[in-house]
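A look at the structure
Take a look at the letters that make up each chain.
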Amino acid sequence: MEEIHKRILQRNRINLVRDLDPSSLYDGLLEKGIFTQDMIDEIKSAGTRRDQARKLVQDLETRGSRAFAMLLLCLEETDQHGLAELLQRAAPAVQIWPAAPNQVVDLPVVRPLPLSLCTDVEQQGKDNVPIYPIQKPSPSPSPERENTLTRPPGRTRRDSIQSYKMDASPCGHCLIINNVEFEPDSELSNRKGSNIDCDKLEKRFKALNFIVEVRTNLKQRQIKHALSALSKKDHSQCDCCVVIMLSHGTEVSHNRFPGAVYGVDGQHVPVQLITNYLNGQHCPSLQGKPKLFFIQACGGGERDTGFEVSPDEVEPSIGGADNQTDAIPMSSSSDSLSLSDEVDARATLPTPSDILVSYSTFPGYVSWRNTQSGSWYVETLDQVLEQNAATDDLVTMLMMVNDEVSQNSAKGLYKQMPGSFNFLRKLLHFQTHA
């Protein structure tokens, strides 16, 4: 599929997922050679109408240059004129010429769009490139056959990125560890505003059909015990597992996942060790299932002052005097490979597949928290999940979070850049009631 047509589908995905009737399109797309029966059956197995619509749109992007035009044609044939018009307006270069009464017209093909330095949709649309019917098509291999010809021997063909199964009820367990009040000997300040984060995430993941357990003010030993208890649960009837850490943090040596979070006693637990509790070796019932970790904590002590960009590249920043960091005075981002941290590097993750670790900030830098409204990262994550979970996959939503948080500014000066270490093998769509 042409990149311009892929972008049109992506921009209109919310409307397509909400309004598309995929079942009415299956016969047409099968007849026109866009999908095989196996592909149709896989889409049908995705679950609800919305899930089927989402997967159909995603798979279309992999089905060659004719797929977009055939989608428009099938939408017209099944009286889904509103969606056809929506997509047609965005791609005026693609025209579907209806057949005259009683006239048999062979399947149309899309002529390549003219090359241009400009990729703007409207400017591309000025070049009116219609789809011409082929009067006498020469025999050509089907999409299934084309892929077979170029596939290396013995290699399994994949038509698209698959999605994780996420229809169990409940979907899975979610453990939230919220450290707010730290012991005086720890020399760590209390994290005012963290309870706001905790309440938001508890409600959000309950709405996503997770069993949520909240643990407050845990010492290092208690954090490890809570994670161990989670790993010993039977997750065989669940599809996913989530761990959320709200605490102070610092930078430590690592060989896969950076950072560490603090217990209220001032002793830290490396993120690498946290993920290790749920890997395939220590938690067999989660093998092949997504394990998600959200870390609201500093990755170190450095403060990012950002860099200048043109005014039209960013929206106005927000932030004020109530912003605090989750860093600690003695953390040192320049000493991440020191011998004193060597012990932390011994916690390893044999197989990191199906794991995603989302950090509130770039490794080595502080993470900002507003004492009145909670942390920038959690507030944005909650909003993005609320607004987009019904239509978008997790990785796409985390990019939205990255973009939103990067617009903020603490005390008019400091910036923050979230990010993630993604070892997922498939797309992940949360359950929603929409």
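Everything numeric here is computed off the predicted structure, so don't read it as measured data.

Quick look at the overall build of the protein chain
- Helices and strands together make up the secondary structure of the protein chain, namely 14 helices and 14 strands.
- Looking at the 434 residues of the protein chain, the share that counts as buried comes to 49%.
- Residue pairs in contact within the protein chain that sit at least 24 positions apart in sequence constitute 80% of those at least 6 positions apart.
- Surface accessibility of the protein chain: about 21300 Å² in total, with carbon and sulfur atoms responsible for 49%.

Observations regarding the packing of helix H6 (residues 67-77) against helix H7 (residues 81-90)
- The interhelical angle for the contact between H6 and H7, taken along N-to-C directions, is 150 degrees, at an axis separation of 8 Å. Judged by the angle between their axes, H6 and H7 are roughly antiparallel. Crossing angle aside, the handedness with which H6 passes H7 is left-handed. When H6 is examined against H7, the residues Phe68, Leu71, Leu72, Leu75 and Glu76 are found in contact with a partner set consisting of His81, Leu83, Ala84, Leu87 and Gln88.
- For the contact of H6 with H7, the per-class residue count stands at seven nonpolar, two polar and one charged.

Concerning helix H4 (residues 37-44)
- Those residues of H4 that fall on the buried side of the exposure criterion are Met39, Ile40 and Ile43. Axial view of H4: buried residues confined to an arc of 100 degrees, hence all on one face.

Details of the sheet that holds strand E5 (residues 240-246)
- Across the sheet, which stays open at both edges, the six strands sit in the order E4-E3-E5-E9-E11-E14 with mixed pairing between neighbours. For this open sheet the edge positions go to strand E4 (210-216) and strand E14 (419-422), each flanked by a neighbour on one side alone. Shown here is a sheet whose adjacent strand axes are inclined to one another by a mean of 10 degrees, direction ignored.
- Where strand E9 (residues 291-296) lies against strand E11 (residues 355-359), five bridges are found, and the strand directions are parallel.

As for the pairing of E9
- The buried fraction of E9 is high, at six of six residues.
- The two faces of E9 match: Lys291, Phe293 and Ile295 on one face and Leu292, Phe294 and Gln296 on the other face are all buried.
- Across six bridges, E5 lies against E9 in parallel orientation. Following the sheet pairing, Ile244 is matched in E9 by Phe294.

Here's the deal with the packing of aromatic side chains
- Going through the model one piece at a time under the given rule, you end up with seven aromatic pairs.
- Judged by centre distance (5.7 Å) and plane angle (70 degrees), the ring pair of Tyr359 and Phe421 falls under edge-to-face. One end of the pair, Tyr359, is in strand E11; the other, Phe421, is in strand E14, with 62 residues separating them in the sequence.
- Residue class for Tyr359 comes out buried when judged on its relative accessible area of 7%.
- Three or more aromatic residues joined by ring pairs form one cluster here, namely Phe205, Phe210, Phe294 and Phe430.

Here's the deal with the sheet that holds strand E7 (residues 260-262)
- With respect to topology, three strands assemble into an open sheet ordered E6-E7-E8, the strand pairing being antiparallel. If you trace the sheet from one side to the other, it starts and ends with strand E6 (249-250) and strand E8 (268-270), each paired once.
- Pairing between E7 and E8: three bridges, direction antiparallel. From the neighbouring strand, Tyr262 faces E8, where its bridge partner is His268.

Looking at unusual backbone geometry
- The peptide bond linking Ser169 to Pro170 adopts the cis configuration, its omega dihedral lying at 0 degrees.
- Although it is not a glycine, Glu187 adopts a positive phi angle of roughly 60 degrees.
- By the element assignment, Glu187 lies in the loop between strand E3 (172-178) and helix H10 (194-207).
- Even without a glycine there, the phi angle at Asn209 is positive, about 75 degrees.
- Along the polypeptide, Asn209 turns up in the loop between H10 and E4.

As for the pattern of salt bridges
- Scanning the model with the defined rule gives 15 salt bridges in all.
- Two residues, Asp167 and Lys165, come together in a salt bridge whose shortest N-O distance is 2.7 Å. Considered together, Asp167 and Lys165 belong to a single accessibility category, that of exposed residues.
- Between Arg204 and Asp382 there is a salt bridge, and its shortest N-O distance comes to 2.8 Å. Residue Arg204 is found in helix H10, and its partner Asp382 is found in helix H13 (residues 376-388); the two are separated by 178 residues along the sequence.

Overview of the confidence of the model for the protein chain
- This prediction gives the protein chain a mean pLDDT of 75; 67% of its residues lie at or above 70.
- Confidence scores differ between elements of the protein chain, with helix H8 (residues 121-125) showing the lowest mean pLDDT of 37 and E4 the highest of 98.
- pLDDT under 50 marks residues 110-152. Its contacts with residues more than four places away, or in other chains, come to 62 contacts.
- Low confidence marks residues 299-322, where pLDDT is under 50. Its contacts with residues over four positions away, or in another chain, come to 55 contacts.

Description of H13
- Under the 1.5 Å per step criterion, the end-to-end length of H13 is 18 Å for 13 residues, consistent within 8% with the ideal 18 Å.
- Inspection of H13 places Trp376, Tyr377, Val378, Thr380, Leu381, Asp382, Val384, Leu385 and Asn388 among the buried residues, and these make up the whole buried set.

What about the side chain of Gln58?
- Here Gln58 is to be found in helix H5 (residues 49-60).
- Once residues within four sequence positions are removed from consideration, Gln58 is found in contact with Arg13, Ser163, Leu427 and His429.

Notes on the environment of Gln52
- Position of Gln52 among the secondary structure elements: in helix H5.
- When its relative accessible area of 14% is taken as the criterion, Gln52 is described as buried.
- Expressed as a C-alpha distance, the spacing of Gln52 and Leu20, which sit 32 residues apart in the sequence, is 9.4 Å.
- Non-local contacts of Gln52, meaning those with residues more than four positions away in its chain, are made with Pro22, Tyr26, Ile43, Lys44, Ala46 and Gly47.

Quick notes on the rules
Residues numbered from 1 in each chain as written. Predicted model: local features only at pLDDT ≥ 70, side-chain atom pairs only at ≥ 80, totals over all residues. Heavy atoms only, no water. Helix = DSSP H or I, 4+ residues; strand = E, 2+ residues; numbered from the N terminus. Buried < 20%, exposed > 50% of the residue type's maximum accessible area, 1.4 Å probe, protein only. Contact = heavy atoms within 4.5 Å. Areas by Shrake-Rupley, 256 points an atom, 1.4 Å probe, with all protein chains shown as cover. Axes fitted to C-alpha atoms, helices over the stretch in contact; angles between N-to-C directions. Parallel < 35°, antiparallel > 145°, perpendicular 65-115°, else oblique. Left-handed = near helix turned anticlockwise from the far one by under 90°. Nonpolar A, V, L, I, M, F, W, Y, C, P; charged D, E, K, R; others polar. Arc of directions from axis to C-beta. Pairing = 2+ DSSP bridges. Phe/Tyr/Trp six-rings, centres within 6.5 Å; stacked < 30°, edge-to-face > 60°. Salt bridge = Lys/Arg side-chain N within 4 Å of Asp/Glu carboxyl O. pLDDT = per-residue confidence, 0-100. Expected span 1.5 Å × (residues − 1).

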